[in-house]
Amino acid sequence: MATAALAVTDEIEVLLPGSEAEAIEAFGDGKDVVVVGGGTIVVPEMTYGRLQPRRALLLKDAGMAGMAEDGSRTTIGSATTVDALVGLPAPLGPCAANIADGEIRGVATVGGNVCAGAGREAPRGDLQGALLALAASVRSAGAGGVTEEPLEEFLPKRRERLVLGISFDRPARGAFAALDRPHTHDYTALAVSGARAGDGAVRLAATGGGSWGVRLPSAEASADEPERAGAAALADVDPRDDALASAWYRKKVLPVLVRRVLTELEEVA
Amino acid sequence: MNISVNGVAYETESSPLTPLLDVLREELGITSPKAGCHQGGCGACTVLVDGEARRSCILPAAYADGAEITTVEGLGAPEQLSTVQQAFVHHYAAQCGFCTSGMLLAAQAYLNHGGTDDPSGIQEALGGHVCRCTGYLKIVDAVAAAARGELFDLTTTAVGKYTTLTGGGVE
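The model shown is predicted, which means the values in this text are computed figures rather than measured ones.

1. Remarks on the overall build of chain A
Stage number 1. Looking only at helices and strands, one finds ten helices and twelve strands in chain A.
Stage number 2. The C-alpha radius of gyration of chain A comes to 18 Å, within 12% of the 18 Å expected for a compact globule of 269 residues.
Stage number 3. Across its three principal axes, chain A shows a C-alpha extent of roughly 55 × 45 × 30 Å.
Stage number 4. Evaluated residue by residue, chain A yields a buried proportion of 52% over its 269 residues.
Stage number 5. Residue pairs in contact within chain A that sit at least 24 positions apart in sequence constitute 61% of those at least 6 positions apart.

2. Topic: the environment of Gln 108 of chain B
Residues and elements named next belong to chain B.
Stage number 1. By secondary structure assignment, the location of Gln 108 is in helix H3 (residues 100–112).
Stage number 2. Residue classification places Gln 108 among the buried positions, given that 26 C-beta atoms sit within 10 Å.
Stage number 3. Spatially, the C-alpha atom of Gln 108 lies 19 Å from that of Leu 20, the residues being 88 residues apart in sequence.
Stage number 4. Every residue in contact with Gln 108, bar those within four places of it in the chain, is listed here: Leu 48, Leu 75 and Val 84.

3. Some thoughts on the environment of Ile 24 of chain A
Residue and element names in this part refer to chain A.
Stage number 1. Tracing the chain through its elements places Ile 24 in helix H1 (residues 20–27).
Stage number 2. Sequence-wise, Ile 24 and Leu 155 are 131 residues apart; in three dimensions their C-alpha atoms are separated by 19 Å.
Stage number 3. Each residue touching Ile 24, except ones within four places of it in the same chain, is listed here: Ala 141, Val 146 and Leu 162.

4. Points about H1 of chain A
Residue and element names in this part refer to chain A.
Stage number 1. Three or more residues of H1 are buried, namely Glu 20, Ala 23 and Phe 27. All buried residues of H1 lie within an arc of 55° about the axis, which places them on one face of the element. Exposed residues on H1 whose side chains face more than 90 degrees from its buried face are Ala 21 and Glu 25.
Stage number 2. Each element contacted by the buried residues of H1 is listed here: strand S2 (33–36), strand S3 (55–58), strand S6 (137–141) and strand S8 (162–169).
Stage number 3. Note on H1: the residue one or two positions beyond its end, Gly 28, has a positive phi of about 60°.

5. Remarks on the nonpolar core
Stage number 1. Core analysis: the largest hydrophobic core is formed by 131 residues, its most contacted members being Leu 131 and Val 258 of chain A together with Val 143 of chain B.
Stage number 2. Ignoring sequence-local partners within four residues, the contact set of Val 143 of chain B consists of Val 84, Ala 107, Tyr 110 and Ile 122 of chain B.

6. Here we look at H3 of chain B
Residues and elements named next belong to chain B.
Stage number 1. Given a rise of 1.5 Å per residue, 13 residues ought to cover 18 Å, and the 18 Å separating the end C-alpha atoms of H3 matches this to within 8%.
Stage number 2. Burial analysis of H3 places eleven of its 13 residues in the buried class, the great majority of the element.
Stage number 3. Here H3 has its buried residues at Thr 100, Ser 101, Gly 102, Met 103, Leu 104, Leu 105, Ala 106, Ala 107, Gln 108, Ala 109 and Tyr 110.
Stage number 4. On its buried face, H3 is in contact with strand S3 (46–49), strand S4 (52–55), strand S5 (68–70), helix H2 (83–90), helix H4 (119–125) and helix H5 (136–147).
Stage number 5. Following H3 by one or two positions, Gly 114 has its phi on the positive side, about 85°.

7. Regarding the sheet that holds strand S10 (residues 191–196) of chain A
Residues and elements named next belong to chain A.
Stage number 1. With antiparallel pairing, the four strands of this open sheet are ordered in space as S9-S10-S11-S12. Edge positions in the sheet fall to strand S9 (173–178) and strand S12 (214–215), since each has one partner strand and no second.
Stage number 2. Note that strand S11 (residues 202–207) and S12 share two bridges and pair antiparallel. The partner of Ala 205 across the bridge, within S12, is Arg 215.

8. As for the confidence of the model for chain B
Detailed reading of the predicted model is not advised wherever pLDDT is low.
Residue and element names in this part refer to chain B.
Stage number 1. Of the residues in chain B, 91% have a pLDDT of 70 or more, and the chain-wide mean is 91.
Stage number 2. Low pLDDT, under 50, characterises residues 160–171; the predicted model gives this stretch 15 contacts beyond four residues in sequence or across chains.
Stage number 3. The ipTM, which scores confidence in the relative placement of chains, is 0.90 for this predicted complex, and the corresponding pTM is 0.91.

9. Some thoughts on the interface of chain B and chain A
Stage number 1. The interface of chain B with chain A comprises 25 residues on the first partner and 28 residues on the second.
Stage number 2. With four residues, the single largest contributor to the side of chain B that touches chain A is S4 of chain B.
Stage number 3. Partitioned by chemical class, the residues of the side of chain B that touches chain A number eleven nonpolar, nine polar and five charged.

10. Remarks on the packing of H2 of chain B against H3 of chain B
All names here are of chain B.
Stage number 1. Between H2 and H3, whose axes approach to 10 Å, the crossing angle comes to 130°. It follows that H2 is oblique to H3 by the angle criterion. The crossing of H2 and H3 is right-handed. Taken together, the residues of H3 that come into contact with H2 (itself represented by Val 84, Gln 85 and Phe 88) are Thr 100, Leu 104, Ala 107, Gln 108 and Leu 111.

11. Comments concerning unusual backbone geometry
Stage number 1. Omega for the bond connecting Ala 90 of chain A with Pro 91 of chain A falls within 30 degrees of zero, at 5°, which places this linkage in the cis form.
Stage number 2. In this structure, Asn 6 of chain B takes a positive phi of about 50° despite not being glycine.
Stage number 3. Here Asn 6 of chain B is to be found in the loop between strand S1 (2–5) and strand S2 (8–11).

12. Concerning the confidence of the model for chain A
Stage number 1. Across chain A, pLDDT averages 92, with 95% of residues at or above 70.
Stage number 2. Low pLDDT, under 50, characterises residues 1–6 of chain A; the predicted model gives this stretch eight contacts beyond four residues in sequence or across chains.

Cut-offs and rules
- Residues numbered from 1 in each chain as written.
- Chains lettered and ligands numbered in written order.
- Predicted model: local features only at pLDDT ≥ 70, side-chain atom pairs only at ≥ 80, totals over all residues.
- Helix = DSSP H or I, 4+ residues; strand = E, 2+ residues; numbered from the N terminus.
- Rg over C-alpha atoms; globule rule 2.2 N^0.38 Å.
- Buried ≥ 20, exposed ≤ 12 C-beta atoms within 10 Å, placed from the backbone.
- Contact = placed C-beta atoms within 7 Å.
- Arc of directions from axis to C-beta.
- Core = buried A, V, L, I, M, F, W, Y, C linked by C-beta atoms within 7 Å.
- Expected span 1.5 Å × (residues − 1).
- Pairing = 2+ DSSP bridges.
- pLDDT = per-residue confidence, 0-100.
- Nonpolar A, V, L, I, M, F, W, Y, C, P; charged D, E, K, R; others polar.
- Axes fitted to C-alpha atoms, helices over the stretch in contact; angles between N-to-C directions.
- Parallel < 35°, antiparallel > 145°, perpendicular 65-115°, else oblique.
- Left-handed = near helix turned anticlockwise from the far one by under 90°.

Next up, the structure:
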C-alpha cells in the first residue's frame, strides 16, 4: 500500500483559486485540468495512478459553496457538500443521505457528484438521478464561456466543464427508492427518483441504469399506472454488469423501484 | 502548509494534493491512522479535522491547512484513557487493533455531536468503518457505554489484569 501513496507527486501543478471568477479563469477550456471538489473520487484515482493530471484545480477556497432560495427556486453552489443536502425534501434529501457515510458526505461536493462517471466496478453520481427528476439546470464554465443548460444536456459533456451551480424548482412532491446497500462503502446499484410538479407533471430518473443518470420518459408517460410504468421504464435504461449487480438483476428490480416511487408520489397527490 | 496535530504545530512540505494520511504517516511519522484501503472505504485512516471525523486517505492536505488534527494519541494517554477508550478496553472492543484508532475517533466525533447510546445512531455513525475481526457488537456496546458516560476501573477488569494499558502489567 505504501507504493500507492507515491502516485500523487509534486509534479502536478496545484491551483487554489480564491473566488469563482479565479476558478473560471484557472479552469480555462478545461484541457489537462482535473477539478477537485472534496477529493473523495479524484484523490483515490490519483493515489492508484489511474488519473495523472498535469494541473489540479482545488475549489476549497473559491467560495462556491452554499444554498440559496429565490421564491420556489433553489440554487446550490457546486462546492456545497453532499451532507448539506441530507435534510432537503425528497428526492434530493433521501438520495444524498444514501451516499456513502457522514465522513464522506461531509467532504464530497455536489459538483463532484454530478460530474462523476461510472466507476470501474460501480455506477457513481447518485445525485444525477434526483436532479434529473427535479428538472435541474446547470450553470457551468469552460470552452465558450459560462452557460446554463438542462442537466440532461450537460451530463454527456460534464468532464469538459466546471460546474458553478445547480438550480431547480421545488416540486410539489418527491420520492426516492433505492436498492439497499450492504455497507456504506458500497455505491448504490440502482436508484429511482421521482418528482411531481405543481401542474401534476411527473418526472422520473434512475441512477445505475446506464453510464450516468438517465431519465425514464417511457415510465413518465404511464405515470398514472405504476405497474405499467415500471415495465415501460425498461425501454429507457441500458444497465451494465459490474461488481455490484448484473444488468439482468437491475432490469428485474427497476420496475419495482419505479412502482414504489410512483406509489409514494400518488399517496398525497 | 501548517497543521496542528494533537496540539503540536507542524509546517509540512508535502504537495497540497497529498492525502492527509500520507502527510501524517510518511512526513510526520504519526502512524496511528492506518492505511487500509487508501480509497475511503474502510475508515482505518479516520482522524478528526477541527473536530469532524474525516477519512484522511482521501482528504487532500490542502484541505487540512490551518486545521487542528486529532489522532488517537490526542484522545487520552495510556495512564489516563478517555471515556471512549476506557469503554473499548472494558468491552473488549479492540481485537487486532487495525480499525481501532479510526473507530475511536469516529466514536468520539459521534459523542461530541451529542450521540446517544441508541445502537442505530451508533451504527449510522460508524457505518463506514470496517472491522476485519468482525467485532462490531462489542464496539457498539463500548460506544453506547461511553455515550452513557460510564467510567471503568480497568485494573479490576479481566482486560486490566492481562494488559499493560493501565500500567498494571500481567498478573
